[in-house]
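Spelled out from the first residue to the last, the chains are:
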Amino acid sequence: MRYISTRATGTPERKRFCEILLEGLAPDGGLYLPETYPQVDAATLTRWRGLAYADLAFEILSLFVDDIPAEDLRALCRKTYTEEVFGTAAIVPLTRLEDGLYLEALSNGPTLAFKDMAMQLLGNLFEYELARRGEELNIFGATSGDTGSAAEYAMRGKKGVRVFMTSPNGRMSPFQQAQMFSLLDDNIYNIAITGVFDDCQDLVKAVSGDLEFKCKYKIGTVNSINWARLMAQVVYYFAGYLQATKTNDERVSFTVPSGNFGNVCAGHVARMMGLPIAQLVVATNENDVLDEFFRTGVYRVRGTADTHETSSPSMDISKASNFERFVFDLLGRDGVRTADLFGSQVPRQGRFDLGADPAFAQAASRYGFASGKSTHADRLATIRDTWQKYGVVVDTHTADGLKVAHEHRLPGVPMLVLETALPIKFAATIVEALGREPERPAKFAGIEALPKKVRVMAPDVQAIKDLIAQACD
Ligand SMILES: *Cc1c(COP(=O)(O)O)cnc(C)c1O
């Protein structure tokens, strides 16, 4: 298996998995994808029924990774996907709401959000590969909540890795702050910046933009464009399908609460591998970049003023950073056109329009995509209805998914809605909808009172660089 960039032209550079594992963007600015999608036939799918999640992960990862010895890869999967870390033996259990409608729980990991599903594996892969190379890595990032905490919980205590995570001082929920700042591990640096999230992102750009510093101090990221994260997410589409069906003649659909198109892009990969998925339904909140595209063919990034702060904040995006991967496939893997759209039209005009292109109709007809949008009022109504009808409390992101899922159910095709977080993370909206606090898992009792480790710093590039340099000495 080799990987190419979505902007590859001519005879593309072909890289192996471990070469791209620690990289972000390809040098041409594109995103890495496998040269071809491995195909899973019916006999293989049958053989996978009944496998433990960790062993299913190993089978699927083996199709994408040929530069880690099989026994090592299996050990990494078994170390990652344990009942101890993910709360249940099934790892991603299904909850039946009614006939043909299920929730698939991706939210039982250490930070109670779906990013743990991939990030926990990434932590173990990074530690393994860095040890093999005798290298170190300093992850420097910005977070407004879920990504940063998932990264910290994945990397804590890992040899060869340090995490420097900036967040806007005082702007995360008390629960999110407690989750991150109560990590006392030596390799975790919480940095609360006196400013807003954009100030944090500017710091990351400034530090990563200093190539000499970046090289000397091995600065890296763990953002959602990393191929290994996407690959890890492919596994739970298979696991959901295998739980919801008895034979391979059956098809299912998935509805995916979406922001950066990372989660649902893994569904696209699973479908391209031959998993019998009828539809992939993209559910957005008020930040409806993706819904607009699937309705009209227009991809239009939003400015700061048009990016709404919502009660499903992990989907508050101005552009969908993984979307280029799907468009590359949609355009018949034409790297020149993909480069023109994302490397030229988007930066210059902030948009492109495929509405009149014959390829656009194939997003639905050939690739199974559908979409919908959900607002704050929809979230409140869905959280209430789901509680009243099924006795289940869902978080705000999952509520966006459920709202849109109801609009796209097909007769005879089970609909699996991906549950991307637990309600406790977004308690204020649950109180608004139901008039009471959501349940808190026992292991999080009283975390707000735990000792905290956090530095408050001004958005000062030099001061941050000094901190990283000191930590590395
Ligand atoms: C990150 C996140 C999403 C959005 O996932 P994308 O991969 O960006 O589409 C949805 N829900 C929750 C809870 C998240 O943390």
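What you see is a predicted model, and the numbers here were worked out from it, not measured in a lab.

A.B. asks: I keep staring at helix H8 (residues 174–181) and nothing clicks. Help me out?
C.D. replies: Note: α-helices contain 3.6 residues per turn, so residues at a spacing of three or four share the same orientation. For H8, the buried fraction is high: 6 of the 8 residues fall into the buried class. Of all the positions in H8, only Phe-175, Gln-176, Ala-178, Gln-179, Met-180 and Phe-181 are classed as buried. Buried residues along H8 sit against helix H7 (146–155), strand S6 (161–168) and strand S7 (188–193).

A.B. asks: Just to check I follow, could you spell out helix H11 (residues 227–244) for this structure?
C.D. replies: Taking 1.5 Å of rise per residue, the 18 residues of H11 would be expected to cover 26 Å, and the 27 Å separating its terminal C-alpha atoms lies within 8% of that figure. Within H11, 17 of the 18 residues are buried, leaving the element largely enclosed by the surrounding structure. The opening residue of H11 is Asn-226, an N-cap whose side-chain oxygen sits 2.8 Å from the backbone nitrogen of Ala-228.

A.B. asks: Help me understand the sheet that holds strand S15 (residues 455–457) in this model?
C.D. replies: To summarise the sheet geometry, strands pair through backbone hydrogen bonds and adopt either a parallel or an antiparallel arrangement. Pairing is parallel across the open sheet formed by 5 strands, whose spatial order is S8-S5-S6-S7-S15. Here the strands that pair on one side only, and so sit at the sheet edges, are strand S8 (219–220) and S15. As defined by bridge partners, strand S5 (residues 137–142) adjoins S8 across 2 bridges and the pair is classed as parallel. Residue pairing in the sheet places Ile-139 in a bridge with Gly-220 of S8. The sheet contacts of H7 involve S5, S6 and S7, and relative to S6 the element is tilted by about 160 degrees.

A.B. asks: Just to check I follow, could you spell out the packing of aromatic side chains for this structure?
C.D. replies: Working definition: an aromatic ring pair is given by the centre-to-centre distance plus the angle between the planes. Applying the stated criterion across every chain yields a total of 28 aromatic pairs. Ring geometry for Tyr-53 and Tyr-81: centres 5.0 Å apart, planes at 65 degrees, overall edge-to-face. On the criterion of sequence distance, the pair formed by Tyr-53 in helix H3 (residues 53–62) and Tyr-81 in the loop between helix H4 (70–80) and helix H5 (83–86) is long-range, its members being 28 residues apart. Like Tyr-53, the residue Tyr-81 is buried in the burial classification. By the ring-pair criterion, three or more aromatic residues cluster together here, those being Phe-261, Phe-293, Phe-294, Tyr-299, Phe-323, Phe-326, Phe-342, Phe-352, Phe-360, Tyr-367 and Phe-369. Above the ring of Trp-387, the side-chain terminus of Arg-436 is found at 4.6 Å from the ring centroid. Over the ring of Phe-213 we find Lys-465, and its NZ or CZ is 5.5 Å from the ring centre.

A.B. asks: Sorry if this is basic, but what is going on with unusual backbone geometry here?
C.D. replies: It is generally the case that most residues other than glycine have a negative phi and that most peptide bonds are trans. One non-glycine residue, Leu-112, lies in the positive phi region at around 65 degrees. Secondary-structure assignment places Leu-112 in the loop between strand S4 (101–105) and helix H6 (115–133). With a phi angle near 60 degrees, Arg-333 is a residue other than glycine that sits in the positive phi range. Turning to its location among the elements, Arg-333 is positioned in the loop between helix H14 (323–330) and helix H15 (335–349).

A.B. asks: When you look at the packing of H14 against H15 in this model, what are you seeing that I'm missing?
C.D. replies: Angle between the axes and distance between the axes are the two parameters that describe a pair of packed helices. It is at 9 Å that the axes of H14 and H15 come closest, and there the two elements cross at 140 degrees. One finds that H14 runs oblique with respect to H15. Viewed along their axes, H14 and H15 form a crossing whose handedness is right-handed. Residues Phe-323, Glu-324, Val-327 and Phe-328 of H14 form the contact with H15, whose participating residues are Gly-335, Thr-338, Leu-341 and Phe-342.

A.B. asks: Looking at this model, I keep getting lost on the site of the ligand. Mind explaining?
C.D. replies: In the region of the ligand, 15 residues are neighbours, and Lys-115, Asp-146, Gly-259, Asn-260 and Asn-263 sit closest. For the ligand, an oxygen atom lies 2.6 Å from a polar atom in the side chain of Lys-115. Within the side chain of Thr-420, one N or O atom sits 2.9 Å away from a nitrogen atom of the ligand. Contact with the protein chains removes 97% of the 380 Å² of surface that the ligand exposes when unbound. Here the shell around the ligand is built from residues that sort into 5 nonpolar, 8 polar and 2 charged.

A.B. asks: Honestly, the nonpolar core in this entry has me stumped. Any pointers?
C.D. replies: Side chains of a nonpolar character, in soluble globular proteins, are inclined to be buried together. Phe-17, Tyr-81, Trp-227, Tyr-237, Phe-238, Phe-261 and Phe-323 are the most contacted members of the largest nonpolar core, which totals 112 residues. Per-element tally for this core: the top contributor is H11, with 14 residues. Leave out the neighbours within four places in its chain, and Phe-323 touches Asn-260, Phe-261, Leu-290, Phe-293, Phe-294, Tyr-299 and Phe-342. Among the nonpolar cores identified, the runner-up in size contains 20 residues, and Ala-370, Ala-399, Ile-430 and Ala-433 belong to it.

A.B. asks: Looking at this structure, how should I read the pattern of salt bridges?
C.D. replies: For side chains of opposite charge, pairing can occur when their charged atoms come near one another. Under the defined criterion, the tally for this structure stands at 31 salt bridges. Notably, a salt bridge pairs Arg-133 with Glu-135, separated by 3.6 Å at the nearest N-O pair. With its nearest N and O atoms 2.9 Å apart, the salt bridge here joins Arg-379 to Glu-286. Taken together, the positions of Arg-379 in helix H17 (residues 376–390) and Glu-286 in the loop between strand S10 (277–284) and helix H13 (289–296) put the pair 93 residues apart, joining distant regions of the chain. Exposure class is identical for Arg-379 and Glu-286. Each is buried. Members of the salt-bridge network, linked through shared partners, are Asp-288, Glu-292, Arg-300, Arg-302 and Lys-373.

A.B. asks: I keep staring at the side chain of Asp-116 and nothing clicks. Help me out?
C.D. replies: Assignment of secondary structure puts Asp-116 in helix H6. In this structure Asp-116 is buried but unpaired, with Lys-425 as the nearest side chain of opposite charge at 6.7 Å. Those residues in contact with Asp-116 that sit more than four places away from it in its chain are Phe-86, Gly-109, Pro-110, Thr-111 and Ala-150.

A.B. asks: Got a minute to help me understand the pairing of S7 in this structure?
C.D. replies: Side-chain positions along a regular strand alternate between the two faces of the sheet. Most of S7 is tucked away: 6 of the 6 residues are buried. Here S7 shows no split at all, with Ile-188, Asn-190 and Ala-192 on one side and Tyr-189, Ile-191 and Ile-193 on the other all buried. Two elements, S6 and S7, share 6 bridges in a ladder whose sense is parallel. Residue Thr-166 lies in a different strand from S7, and its bridge partner there is Ile-191. Here 3 bridges tie S7 to S15, and the two strands are oriented parallel to one another. Residue pairing in the sheet places Ile-191 in a bridge with Arg-455 of S15.

The rules behind each value
Residues numbered from 1 in each chain as written. Predicted model: local features only at pLDDT ≥ 70, side-chain atom pairs only at ≥ 80, totals over all residues. Heavy atoms only, no water. Buried < 20%, exposed > 50% of the residue type's maximum accessible area, 1.4 Å probe, protein only. Helix = DSSP H or I, 4+ residues; strand = E, 2+ residues; numbered from the N terminus. Contact = heavy atoms within 4.5 Å. Expected span 1.5 Å × (residues − 1). Polar contact = N/O pair within 3.5 Å; in protein donor to acceptor, adjacent residues only side chain to side chain. Pairing = 2+ DSSP bridges. Axes fitted to C-alpha atoms, helices over the stretch in contact; angles between N-to-C directions. Phe/Tyr/Trp six-rings, centres within 6.5 Å; stacked < 30°, edge-to-face > 60°. Lys NZ or Arg CZ within 6 Å of the ring centre and 35° of its normal. Parallel < 35°, antiparallel > 145°, perpendicular 65-115°, else oblique. Left-handed = near helix turned anticlockwise from the far one by under 90°. Near = heavy atom within 4 Å. Areas by Shrake-Rupley, 256 points an atom, 1.4 Å probe, with all protein chains shown as cover. Nonpolar A, V, L, I, M, F, W, Y, C, P; charged D, E, K, R; others polar. Core = buried A, V, L, I, M, F, W, Y, C linked by side-chain atoms within 4.5 Å. Salt bridge = Lys/Arg side-chain N within 4 Å of Asp/Glu carboxyl O. Lys, Arg positive; Asp, Glu negative; His and termini not counted.

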